[in-house]
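# Observations on chain architecture
Chain by chain, the residues:
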Amino acid sequence: MNQPYLKPLPRKQPENAPLWEGLARREFRVPRCDDCGAWNWTPYPACRNCLSENLTWTKINGNGALFTYTAVHRGLGAFHADVPYVVGLVEMELSGGPRAVIVLGDIVGVPHEDLRIGMPLKMIFKDIPDEDVTLWEFTGREG
Ligand SMILES: [Zn+2]
């Protein structure tokens, strides 16, 4: 029997439903502007580049490079059981648009001493038992 999941869970809303539906299918979707092509992460009701409201949730490939990270040694609440763990910002591989897409996530499966800024990472997916929620994490990949 699974332990109950005690960490905070995301609030699913109509506005972000495409994100959660995509994650359940092992896809990471980012709103892309139909008018100027800019990627808009984190999601927002209008394009940050041109203010268009014509956005399309678009699957991206999940590959990126470590932008920065921190190791957490004192976790609050249910996170305490995981210490030490690493939270990072990962710059996703994308073409076009004036802004990088930088995604926050746990970095797993890489010894902390092996982490390097710029190292290649890939997104992986984690189903939360009994919660109908899929979250993402990052782990190492060959360059
Ligand atoms: Zn735009």
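First, a word on scope: everything that follows refers to the structure included in this document. This one's a predicted model, so the numbers in the text were calculated from it and none came from an experiment.

## With respect to the pattern of salt bridges
Under the criterion given, the structure shown has six salt bridges. Of the charged contacts, one joins Arg26 and Asp127 as a salt bridge, the two residues approaching to 2.9 Å between their closest N and O atoms. Of this pair, Arg26 sits in the loop between helix H1 (17-24) and strand S1 (28-33) while Asp127 is found in strand S6 (residues 120-128), placing the two residues 101 residues apart along the sequence. For Asp127, a relative accessible area of 43% puts it in the partly exposed group. Between Glu27 and Arg29 there is a salt bridge, with its nearest N and O atoms 3.1 Å apart. On the basis of relative accessible area, Arg29 is assigned to the buried category, the value being 13%.

## Notes on the coordination of the zinc ion
At 2.3 to 2.4 Å from the zinc ion lie its protein donor atoms, namely Cys33 (SG), Cys36 (SG), Cys47 (SG) and Cys50 (SG). Metal-centred angles of 103 to 116 degrees between the four donor atoms at the zinc ion mark the site as tetrahedral. Sequence spacing of the donor residues for the zinc ion, all on one chain, is C-x2-C-x10-C-x2-C. Of the two residues, Cys36 is situated in the loop between S1 and strand S2 (55-60) and Cys50 in the loop between S1 and S2; the sequence distance between them amounts to 14 residues. Looking at Cys36, the relative accessible area reads 33%, which means it is partly exposed. Look at Cys50 and you get partly exposed, because its relative accessible area is 34%.

## As for the layout of surface pockets
In this structure, the largest pocket spans a volume of roughly 590 Å³. In this structure, the largest pocket is lined by 20 residues; those nearest its centre are Phe79, Gly105, Asp106, Leu135 and Trp136. Contributions of two or more residues to the lining of the largest pocket are made by H1, strand S4 (85-92), strand S5 (102-107) and strand S7 (133-140). Tallying contributions element by element places S5 first for the lining of the largest pocket, with four residues.

## Re the nonpolar core
Ranked by size, the top nonpolar core spans 25 residues in total, and within it Phe28, Trp41, Met92, Val103, Ile107, Trp136 and Phe138 carry the most contacts. Listed by contribution, the elements that provide at least two residues to this core are H1, S1, S4, S5, S6 and S7. Per-element tally for this core: the top contributor is S7, with four residues. When sequence neighbours within four positions are dropped, the list of residues in contact with Trp41 reads Leu19, Phe28, Arg29, Val30, Pro31, Arg48, Val101, Ile102, Val103 and Trp136.

## Focus on the pairing of S1
S1 sits mainly inside the fold: five of its six residues count as buried. In this structure, S1 lies alongside S2, joined through six bridges in antiparallel fashion. Note that in S2 the partner of Arg29 across the bridge is Lys59.

Conventions and cut-offs
- Residues numbered from 1 in each chain as written.
- Predicted model: local features only at pLDDT ≥ 70, side-chain atom pairs only at ≥ 80, totals over all residues.
- Heavy atoms only, no water.
- Salt bridge = Lys/Arg side-chain N within 4 Å of Asp/Glu carboxyl O.
- Helix = DSSP H or I, 4+ residues; strand = E, 2+ residues; numbered from the N terminus.
- Buried < 20%, exposed > 50% of the residue type's maximum accessible area, 1.4 Å probe, protein only.
- Donors = N, O, S within 2.8 Å, 3.2 Å for Na, K, Ca; no water.
- Tetrahedral: all angles 85-135°; square planar, octahedral: opposite > 155°, others 65-115°.
- 1 Å grid on protein atoms, 1.4 Å probe; cavity = no way out; pocket = protein on both sides within 12 Å on 5 of 7 lines; lining within 4 Å.
- Points joined across faces, edges and corners; volume = space filled by probe spheres on them.
- Core = buried A, V, L, I, M, F, W, Y, C linked by side-chain atoms within 4.5 Å.
- Contact = heavy atoms within 4.5 Å.
- Pairing = 2+ DSSP bridges.

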